[in-house]
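# Residue-level structure breakdown
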Amino acid sequence: MSSREHLNAEMQRTAFQKKAVSRLPASEVLDLGIAFFKERGYRAARTGRPNQVFIMGKAEGALPRVTGEINARADVGKPGVTLVTLDATGERLGPTMQEFYQELRARRTKPNR
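Let us look at the structure shown here. As the structure is a computational prediction, the values presented were derived from the model and not from experiment.

Thresholds applied
Residues numbered from 1 in each chain as written. Predicted model: local features only at pLDDT ≥ 70, side-chain atom pairs only at ≥ 80, totals over all residues. Heavy atoms only, no water. Helix = DSSP H or I, 4+ residues; strand = E, 2+ residues; numbered from the N terminus. Buried < 20%, exposed > 50% of the residue type's maximum accessible area, 1.4 Å probe, protein only. Polar contact = N/O pair within 3.5 Å; in protein donor to acceptor, adjacent residues only side chain to side chain. Contact = heavy atoms within 4.5 Å. Salt bridge = Lys/Arg side-chain N within 4 Å of Asp/Glu carboxyl O.

Examined against the element boundaries, Glu10 turns out to sit in helix α1 (residues 3-14). Judged by its relative accessible area of 9%, Glu10 falls in the buried class. Within the local environment of Glu10, its side chain forms a polar contact with the side chain of Arg13, the two groups lying 2.8 Å apart. Excluding residues within four positions of it along the chain, Glu10 makes contact with Ala62, Leu63 and Glu91.

Okay, structure coming up:
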């Protein structure tokens, strides 16, 4: 297997892609994502595109660098509903993105006060 094929196989093996629904505003979801990933040692910030955050990290497993992104679209379906698209690849970053997904789900089920 060539090195490119090996990297592609590793990316496919460690990928995490999911969509989630949140009642949080899009900007709050993105701010939460930035803080969540920075606490875990990744670089995270907004991109030049609206409602998007990038996540970058050092080498994990066979990958020389890992990346991920979070997109949030407000008012999808009903007002006040945010569609969040999560995408990440990496030995640690994939499971960390899964944790962020679970965090969003946990915040969805908590009653508003």
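All told, the structure shown has seven salt bridges when counted by the stated rule. Here Arg40 ties to Glu99 by a salt bridge, and the two come within 3.6 Å at their closest N and O atoms. On the criterion of sequence distance, the pair formed by Arg40 in the loop between α2 (26-39) and β2 (43-46) and Glu99 in helix α3 (residues 93-109) is long-range, its members being 59 residues apart. Classification of Arg40 as partly exposed rests on a relative accessible area of 30%. Across the pair Glu103 and Arg107 runs a salt bridge whose closest N-O atoms are separated by 2.7 Å. Separated by four residues within a single helix, Glu103 and Arg107 lie in helix α3, roughly one turn from each other. Assessed through its relative accessible area of 26%, Glu103 is described here as partly exposed. Within the structure, one salt-bridge network assembled from shared partners comprises Glu10, Arg13 and Glu91.

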